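Tertiary structure, described
Given next are the chains, with one letter for each unit.
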Amino acid sequence: MAKIGVVMDPIETIKAAKDTTFGLMLEAQKQGNTLYYTQQKDLSTHDSLPYARFRRIRLYEDSKEFFEYQSAPMMLPLSDMDIILMRKDPPFDLNYIYATYFLEKAQHLGVTVINAPQAIRDANEKVFIQWFPQCCTATIVTSDLNFIQSFLQAQDCIVLKPLHAMGGTDVFKITRDDPNLEAVFLKISANGQTPIMAQKFLPEVAEGDKRILMIHGEPIPYALARIPAAGEFRANLAVGGHGKPVELSKHDRWICQQVGPTLRDKGLFFVGLDVIGDSLTEINVTSPTCMREIERECGINIAAAFFRALEAI
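The text that follows walks through the structure, step by step, so that each part is easy to find.

Parameters and conventions
Residues numbered from 1 in each chain as written. Predicted model: local features only at pLDDT ≥ 70, side-chain atom pairs only at ≥ 80, totals over all residues. Heavy atoms only, no water. Axes fitted to C-alpha atoms, helices over the stretch in contact; angles between N-to-C directions. Helix = DSSP H or I, 4+ residues; strand = E, 2+ residues; numbered from the N terminus. Parallel < 35°, antiparallel > 145°, perpendicular 65-115°, else oblique. Left-handed = near helix turned anticlockwise from the far one by under 90°. Contact = heavy atoms within 4.5 Å. Nonpolar A, V, L, I, M, F, W, Y, C, P; charged D, E, K, R; others polar. Disulfide = S-S within 2.5 Å. Buried < 20%, exposed > 50% of the residue type's maximum accessible area, 1.4 Å probe, protein only.

With that out of the way, let us pick up the packing of helix 4 (residues 145-155) against helix 5 (residues 181-188). Interhelical geometry of helix 4 versus helix 5 gives an angle of 130 degrees and a closest axis separation of 11 Å. Our classification of the angle between helix 4 and helix 5 gives oblique. Between helix 4 and helix 5 the crossing geometry is right-handed. Between helix 4 and helix 5, the residues in contact are Leu145, Ile148, Gln149 and Leu152 and Leu181, Glu182 and Phe185, respectively. Here the contact of helix 4 with helix 5 is composed, by residue class, of five nonpolar, one polar and one charged.

Attention now moves to the state of the cysteines. As used in these notes, a disulfide is a covalent bond between sulfur atoms, one from each of two cysteines. Inspection of the entire model under this criterion finds zero disulfides. Cys135 provides the cysteine sulfur closest to Cys256, a residue in no disulfide bond, and the two sulfurs are 9.2 Å apart. For Cys256, a relative accessible area of 2% gives the class buried. No disulfide involves Cys290; its nearest neighbouring cysteine sulfur is the one of Cys298, lying 12 Å away.

This is the structure in C-alpha cells:
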C-alpha cells in the first residue's frame, strides 16, 4: 500500500460532503493507503532536499467529526511519500509557485506528483485555453485598457476576470455602454500593471457552465452543469449557482479530444474543463472540483477511476 501526501487548504475549513480532495483521500484510505496531510505553508527544503510538516490523518464519511489526526506534526522528506496530491486552491500567487519548486524536486527524486508541478506553473487556468483556439470563443488577455475598449465595441458584451483567482472572484460582466468599465479594469488589473482576461459574454451560461472532469486525458462521461442563481451571470457554486449532472454532448467530447493529448503530454493528470455552450472557457489544473456532486447524482465512483488510472501510468 502507498503513502500518500496531500497538500491542501486547512482541512477543518472544507465541506467534506462536497469536497473533491476529501473524496479522493477517502477513496485512497478505503484502498488501504496511508494518508499524510500538510499545507502549502509547511513545505520547505533542508540541505537541498524537500520536506513538509506532515500529520498522519484518518477520515470519516457522513460524520460531523470527519477527520482525526493520528500523529503529531512531523517533519518528513517529501521523498518518503509514494504519491503527493497537490490540491491547494488558488489564488495562484508566488507562494503557489514556490510550492511547485519543492514538489518538482520531490518528483525528481521519484515521487509521483499529481498534477505535475511544472505543468501547474505553465498552464495558467485562464490563458491555457488559448492553446486550443478551435475550441474557444473570442478572448483577449491584456493590461491595456484601450485594447479592452476596442474588444468591447466589437463584442457588445464581455466578461472580465483576473488570471489568478477562482470561484467567480472579481469576475465582471460589462456591456458596451457600461460606465464602470475603467473602474473594473483598474481594480482587477492592479491599475493596468497586470494582464487580465476579456471574453465574449456567452448567454448560453443560463443553461449551465459545464465542468467536465478529465483523468489522464480522458473525460468522465457526465459533467456538472452549474446554473447561475436568479439575477446572476456567474455560475460558480461558490456564488450561489446550483449543479445539475448532464451527459457529455458530442461537441463536449470533441473538445475533450482536442485537449486530452496535451494534458497527458504535460502531466496534467486530473483537470476540469469549463464549457459554456460550445466554447471552452477555462482549464482548471490546480484543484478541480465538482467530483462528488457528479458521483452522488450519477452513481459512479470517479475517485476509484482516478486511482485505477494512476496505477496504470
